[in-house]
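Observations on the model geometry
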Amino acid sequence: MIVFFCVLFIIGIFFLWKTDKTKTILITGLLVIPIIVSIYLAEMMPVSDRYLIYVIPFFFLGISSSLKPIAGLFEGKDITIIVILIFFLIQVPFLAIGYNAYFTKYSKADWRSIAESIEENSSKGDYIFVFPYYHRLPLDVYYSNTSHGTY
């Protein structure tokens, strides 16, 4: 699905470049600069994709710019509305799966469950390595190696 939306975004940016270059530079700049900064920051600290949620409106602006040339392919306004509804109906199942499966497994933010798993699978004298090092602080809140006898 993301490939499809990226293609729509590229079509929209290409069409927008033909009509208004300043808007194209603004939309691509507001989309590309935060992504480049987050890639740079990901080298030093954990960056989750949810931190880039504010970029979505600019991505959708590019996609919406593609609707005018796509609507030109069809003769009536009703067909364009039907195509937009089909795009929406295609997207709904993927969104539902993502939101329902989000909390069904361990994640980095679920330190209590990870600490319980470490306690169950380790014994006294075992060495527990935490990589990267900055994950040690949140793990120390729920897991104490001195009380469990690990290193």
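These notes cover the structure that comes with them. All values reported here derive from a predicted model rather than from experimental measurement.

Helices and strands together make up the secondary structure of the protein, namely eight helices and zero strands. Traced from its N-terminal end to its C-terminal end, the protein shows the element sequence α-α-α-α-α-α-α-α. Computed over the C-alpha atoms, the radius of gyration of the protein is 23 Å, more than 25% above the 15 Å expected from 2.2 N^0.38 for a compact globule of 151 residues. With the C-alpha coordinates aligned to their principal axes, the bounding extent of the protein is approximately 75 × 30 × 20 Å. Looking at the protein as a whole, 21% of its 151 residues qualify as buried. Sequence separation of 24 or more characterises 65% of the internal contacts of the protein that already satisfy a separation of 6 or more. For the protein, the computed accessible surface area is about 11,600 Å², with 70% contributed by carbon and sulfur atoms. The positive charge centre, built from 11 side chains, and the negative charge centre, built from 11, are 10 Å apart in the protein.

Where helix H2 (residues 21-42) contacts helix H3 (residues 56-65), the two axes come as close as 9 Å, and the packing angle between them is 140°. When the axes of H2 and H3 are compared, the pair comes out oblique. Crossing handedness for the pair H2 and H3: left-handed. Of the residues in H3, those in contact with Ile27, Leu30 and Leu31 of H2 are Phe58, Phe59, Leu61 and Gly62. Residue composition of the contact of H2 with H3, grouped by class: six nonpolar, one polar and no charged.

Rules and cut-offs
- Here the residue numbering is sequential within each chain, running from 1 through the sequence in written order.
- Owing to the predicted nature of the model, reporting of local features is limited to residues with pLDDT of at least 70; listing and counting of side-chain atom pairs is limited to 80 or more, with chain, interface and lining totals taken over all residues.
- Calculation of side-chain values draws on the structure's entire complement of heavy atoms; hydrogens and water are dropped beforehand.
- Strands here are runs of E lasting at least two residues and helices are runs of H or I lasting at least four, both read from the DSSP assignment and numbered beginning at the N terminus.
- Restricting the calculation to C-alpha atoms gives the radius of gyration, and the globule rule supplies 2.2 Å times the number of residues raised to the power 0.38.
- For the exposure calls, accessible area comes from a 1.4 Å probe over protein chains only, and a residue counts as buried if that area is under 20% of its type's maximum, exposed if over 50%, partly exposed in between.
- Note on definitions: a residue-residue contact is assigned when non-hydrogen atoms from the two residues lie within 4.5 Å.
- Residue-level accessible areas treat just the shown protein chains as cover; the underlying method is Shrake-Rupley with a 1.4 Å probe.
- Counting rule for charge: Lys and Arg are taken as positive, Asp and Glu as negative, and neither His nor the chain ends is counted.
- Here the site of a charge means atom NZ of a Lys, CZ of an Arg, CG of an Asp or CD of a Glu.
- Under this scheme, a helix contributes an axis fitted over its contacting stretch, all axes are lines through C-alpha atoms, and angles between N-to-C directions fall in the 0 to 180 degree range.
- Oblique is the label for every angle not falling under 35 degrees (roughly parallel), over 145 degrees (roughly antiparallel), or within 65 to 115 degrees (roughly perpendicular).
- The sense of a crossing depends on the near helix, which, turned anticlockwise from the far helix by less than a right angle, makes the crossing left-handed and, turned clockwise, makes it right-handed.
- Gly counts as polar in this scheme, as do all residues outside two lists: the nonpolar Ala, Val, Leu, Ile, Met, Phe, Trp, Tyr, Cys and Pro, and the charged Asp, Glu, Lys and Arg.

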